[in-house]
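Close look at the chain arrangement
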Amino acid sequence: MAEQTHVLFVEDDDVIREATQLALERDGFAVTAMPDGLSGLEAFRADRPDIALLDVMVPGLDGVSLCRRIRDESTVPVIMLSARADSIDIVLGLEAGADDYVTKPFDGAVLVARIRAVLRRFGHASGGAGEGTAPVEGGVLVFGELEVDTEGMEVTRGGTPVALTPTEMRLLLEFSSAPGTVLSRDKLLERVWDYGWGGDTRVVDVHVQRLRTKIGQDRIETVRGFGYKLKA
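Rules of the game
- Once a new chain begins, its residue numbering starts again from 1 and follows that chain's sequence as written.
- Two thresholds apply to this predicted model, a pLDDT of at least 70 for residue-level local features and 80 or more for giving and counting side-chain atom pairs, whereas whole-chain, interface and lining totals are computed over all residues.
- The basis for every side-chain value is the complete set of non-hydrogen atoms in the structure, without hydrogens or water.
- Each helix is a run of H or I in the DSSP string that is no shorter than four residues. Each strand is a run of E no shorter than two, and both are numbered from the N terminus.
- Note on contacts: a residue pair is in contact if any heavy atoms of the two residues lie within 4.5 Å.
- For accessible areas, the Shrake-Rupley method is used with a probe of radius 1.4 Å. Any residue's cover is judged against the shown protein chains and nothing else.
- Per residue, pLDDT captures the predictor's confidence, and it can take any value from 0 to 100.
- Remark: nonpolar core denotes a set of buried residues (Ala, Val, Leu, Ile, Met, Phe, Trp, Tyr, Cys) joined through side-chain atoms within 4.5 Å.
- Buried means the residue's accessible area, taken with a 1.4 Å probe over protein chains only, is under 20% of the maximum for its type, while exposed means over 50%, and partly exposed covers the values in between.
- By construction, the arc corresponds to the directions joining the helix axis to the C-beta atoms.
- Only strands that DSSP links by at least two bridges are regarded as paired with each other.
- Each axis is a line fitted through C-alpha atoms, and for a helix only the stretch in contact is used; angles between axes span 0 to 180 degrees, taken between their N-to-C directions.
- These descriptions rest on fixed angle ranges, namely under 35 degrees for roughly parallel, over 145 for roughly antiparallel, 65 to 115 for roughly perpendicular, and the rest for oblique.
- Any residue outside Ala, Val, Leu, Ile, Met, Phe, Trp, Tyr, Cys, Pro, Asp, Glu, Lys and Arg is labelled polar, Gly included; the first ten of those are nonpolar and the last four are charged.

It is worth spelling out the overall build of the protein at this point. A tally of helices and strands in the protein yields eight helices and twelve strands. Residue pairs in contact within the protein that sit at least 24 positions apart in sequence constitute 59% of those at least 6 positions apart. Here the protein displays about 10900 Å² of accessible surface, and carbon together with sulfur accounts for 49% of that area.

A word on the confidence of the model for the protein. Overall, the predicted model of the protein reaches an average pLDDT of 86, with 89% of residues at or above 70. Scored below 50 in pLDDT, residues 124-138 makes 30 contacts in the model with residues more than four places away or belonging to other chains.

So, on to the nonpolar core. Ranked by size, the top nonpolar core spans 49 residues in total, and within it Leu54, Met80, Val148 and Phe175 carry the most contacts. Those residues within four positions of Leu54 in sequence are excluded, and the remaining contacts are Val10, Gly63, Leu66, Cys67, Ile70, Val78, Ile79, Met80 and Leu81. By size, the runner-up hydrophobic cluster in this structure holds 15 residues, among which are Ile79, Leu81, Leu111 and Phe122.

Taken together, the buried positions of helix H7 (residues 185-192) are occupied by Leu188, Leu189 and Val192. Along the axis of H7, the buried positions cluster into a sector of 105°, meaning they face one direction only. The positive-phi residue at the C-terminal boundary of H7 is Asp194, with phi of around 60°.

On to the sheet that holds strand E5 (residues 100-103), then. Sheet architecture is open: five strands sit in the order E2-E1-E3-E4-E5, paired in parallel fashion. In this open sheet, the two strands that pair with only one neighbour each are strand E2 (30-34) and E5. Neighbour to neighbour, the strand axes of the sheet diverge by 20° on average, direction disregarded. Relative to E2, strand E1 (residues 6-10) is paired through five bridges, and the arrangement is parallel. Residue pairing for E2: His6 is matched across the bridge by Ala30.

The next point concerns the packing of helix H6 (residues 166-176) against helix H8 (residues 202-215). At a closest axis distance of 10 Å, the pairing of H6 and H8 adopts a crossing angle of 85°. The orientation of H6 with respect to H8, classified from their angle, is roughly perpendicular. Contacts between H6 and H8 involve Thr167, Glu168, Leu171, Leu172 and Phe175 on the former and, on the latter, His207, Val208, Arg210, Leu211, Lys214 and Ile215. Residue composition of the contact of H6 with H8, grouped by class: six nonpolar, two polar and three charged.

Below, the structure is given as structure tokens:
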């Protein structure tokens, strides 16, 4: 029997927490549910789950702060849950290191689909070089001082290792597979976030900005009205 995927779920609303836990367990997930951020952090450190679902507004340690603490220690995927489709909440969560977000109220099937989409891309973070890539030597793509090892899933900038989350790595792989080619936000949502439908492009924008801070602000160029491209 395949090992169950372990989900850490932090939600202070008793009804939502219990109903969502039951729904996830029916879909085959093992769930640790906590009512506040501090107990959620303790559970994360004790259990090392495969994915974390964090409500933004939880007592003790809010979801955004909890996400930052988790990201300081791990690259485990994080999905933020918010009762409001508020731009500030969403952006703060993504900037804190979350990989995706879901607004409440949510359909259980939709949440499970989003969880599985995140887990799929984390389980397949590697990728080969496609057409139009920079010259490859042993699976290493070179863009000035930036080197991307597509086999070892490692990135260096000026010889210094660059720590990327799996989502950031997949995003960089998409750019590096076609340097100089403009990739639209919708295309990136489809390829990196596994969205077969139109999603919120803010997810792309925030992750691109996070990636820029790590590999160089001028390495990824914004093409207004179209998307982004990696400078070869």
